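Close look at the chain arrangement
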Amino acid sequence: MEFITFEFLVKTAIILLVFVITLGIAAYSTLAERKISAFLQDRIGPNRAGPFGLLQPLADAGKMFFKEEFIPETSSKFLFILGPSLAMLTAMMASAVIPFGDTLQFGDTVINIQPVEANIGILYIFGVVSLGVYGVMIGGWASNNKFSLLGAIRAASQNISYELAMGFSIIAILMMTGSLSLGDIASQQKGSFFGISWLPSGTNWNIFYQPLGFILFCTCSFAECNRTPFDLPECESELVGGYHTEYSSMKLGLYLFSEYVNMFVAGLVMSTLYFGGYNYPGVDFVAANFGQNIATFLGIGVLLGKALAFIFFFMWIRWTLPRFRYDQLMNLGWKSMIPLAILNVVFTGGFIMLKEMFFS
Amino acid sequence: MKQYFPSDYLPLLVQFSAAAAFVVVTMIATHLLGPKRNSKVKDAAWECGIEAKGDARTPISIKYFLTAILFVLFDIEVIFMYPWAVNFKELFREMGSVIFVEMLLFMALLLAGFYYVIKKGVLKWE
């Protein structure tokens, strides 16, 4: 058992902590969604369970557990159960390579707050997230219901189309950073704004270099999470419940819950890739005056704050924009996003070459 | 340069076990806790309240399959670009702009195929 080292135990503790935080944030995102939708539509929203409705997620989960579990007679039983399990499993695996903070130092031990320091972090996230489509596809097909099948097929072709655009949009940022490791990408954004030395540190975010790349990536994240305006897989006006028409009890709960977990992960990835990750303006100043550990803890809070801001953005869009039609969705994905992403790669390459030739 | 060992990825197993345990416990709990009152009508597939007609496993539009095949093709081409993108700065310092021109050629080929696919009407949704 030599692999059970101190470092392994620390990483395990971090993983379990991240796990609990993810579940908590996803649970309260459901409440936040209802509160925000209520706010945007001038309603009150849930306010009966606990003060300000704060116990609503618990009540919802309890209700889901005690609902009748229902499996259609004509469905494939095993796949019917596998679908939501897979959706939830893949959603919860993705947060493993996110750098949640800089290093903590206690005496001689240095702890890096990244559950797995993978050098291929981005590829890992892409791999796990793209497995998520299997959960939807299997669940929809296994239900043996026409609405579910249509929803599942729509979900599959939408997800793969936008995954392609997502893969293209990230190439430009890889050219800039020269690394596939999310830890490296986050720590590279620690410098000052455009490298101007008198500006506060921790503001050299990739968004200032890659605005188009960010817009493409963000749009694709919406599509990957099946969020409005790309929520055609569960478009209730024509497909009843989409791929989860036949689902009930906590099986339905896992599908809905995995969407919120995916949103949180998408928020974390977008913050890390484009918005400086755990860096914030004046990070060096805090580290110098109050110690590295304080700066790191503040960084963790800042990263979570950025992710929550993205979740709010997701919800804001949901209650603002109407849904696309299917051909519009596919045209946007294939005929606009992919050429734009390629253009972005070419321009980024040109700029990097100019910079290398004249400014180094 | 940091060296990576297989043991560095062990925490992934922990994450997987935690996620799997959560899913399994949830599934078993919801199976045991909920009531079960089955009936023949209730167990039928839902189809707007009328009796379900036939099976849902019917042939579906070829467009979806074409989209899937195109995805596989283009995704492989994207993956070819990743190693190039990661090493772009270093390669440029070593070899100059030829590395950029080569990738432009690759992208031109890719876009030519893309143009052909669009002209063929594969992405035309009625």
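On to the packing of aromatic side chains. Note on aromatic pairs: each is described by the distance of the centres and the angle between the planes. For the structure shown, the criterion picks out 25 aromatic pairs over all chains. Seen from their ring centres, Phe19 of chain A and Phe22 of chain B are 6.4 Å apart, and the 80° between their planes marks the pair as edge-to-face. With one member in each of two chains, Phe19 of chain A in helix 1 (residues 6–40) and Phe22 of chain B in helix 1 (residues 10–33) form a pair that bridges those chains. When the ring of Phe88 of chain B is compared with that of Phe92 of chain B, the centres are 6.4 Å apart and the planes differ by 25°; the resulting orientation is stacked. Remark: Phe92 of chain B and Phe88 of chain B occur in helix 3 (residues 88–95); sequence separation between them is four residues, near one turn of the helix. In this structure Phe92 of chain B comes out as buried when scored by relative accessible area, which is 8%. By the ring-pair criterion, three or more aromatic residues cluster together here, those being Trp205, Phe208, Phe214, Phe217, Tyr274, Phe275 and Phe310 of chain A.

Let us now look at a nonpolar patch on the surface. Residue and element names in this part refer to chain A. Taken together, Leu212, Leu340, Leu343, Phe347, Phe351, Leu354, Met357, Phe358 and Phe359 make up a surface patch of nonpolar side chains, about 990 Å² in accessible area. With seven residues, helix 13 (residues 326–358) is the largest single contributor of residues to the nonpolar patch. Here Leu340 shows up in helix 13.

Contacts between the two partners involve 87 residues from chain A, matched on the other side by 67 residues from chain B. In this assembly, chain A packs against chain B so that about 7,000 Å² is buried in total across both faces, 74% of it on carbon and sulfur atoms. Counting across the chain A and chain B interface gives one salt bridge. Of the charged contacts, one joins Glu356 of chain A and Arg93 of chain B as a salt bridge, the two residues approaching to 2.8 Å between their closest N and O atoms. At the junction of chain A and chain B, the tally comes to nine residue pairs in polar contact (both at pLDDT 80 or more). Counting only elements with at least two residues in the side of chain A that touches chain B, the list comes to helix 1, helix 2 (56–65), helix 3 (77–93), helix 4 (121–142), helix 5 (146–169), helix 6 (171–177), helix 10 (249–274) and helix 13 of chain A. Tallying contributions element by element places helix 13 of chain A first for the side of chain A that touches chain B, with 17 residues. Partitioned by chemical class, the residues of the side of chain A that touches chain B number 55 nonpolar, 18 polar and 14 charged.

What counts as what
- Residues numbered from 1 in each chain as written.
- Chains lettered and ligands numbered in written order.
- Predicted model: local features only at pLDDT ≥ 70, side-chain atom pairs only at ≥ 80, totals over all residues.
- Heavy atoms only, no water.
- Phe/Tyr/Trp six-rings, centres within 6.5 Å; stacked < 30°, edge-to-face > 60°.
- Helix = DSSP H or I, 4+ residues; strand = E, 2+ residues; numbered from the N terminus.
- Buried < 20%, exposed > 50% of the residue type's maximum accessible area, 1.4 Å probe, protein only.
- Patch = residues over 30% accessible without salt bridge, like charges linked within 9 Å, V, L, I, M, F, W, Y side chains within 5 Å.
- Areas by Shrake-Rupley, 256 points an atom, 1.4 Å probe, with all protein chains shown as cover.
- Salt bridge = Lys/Arg side-chain N within 4 Å of Asp/Glu carboxyl O.
- Contact = heavy atoms within 4.5 Å.
- Buried area = accessible area lost by both parts, 1.4 Å probe.
- Polar contact = N/O pair within 3.5 Å; in protein donor to acceptor, adjacent residues only side chain to side chain.
- Nonpolar A, V, L, I, M, F, W, Y, C, P; charged D, E, K, R; others polar.

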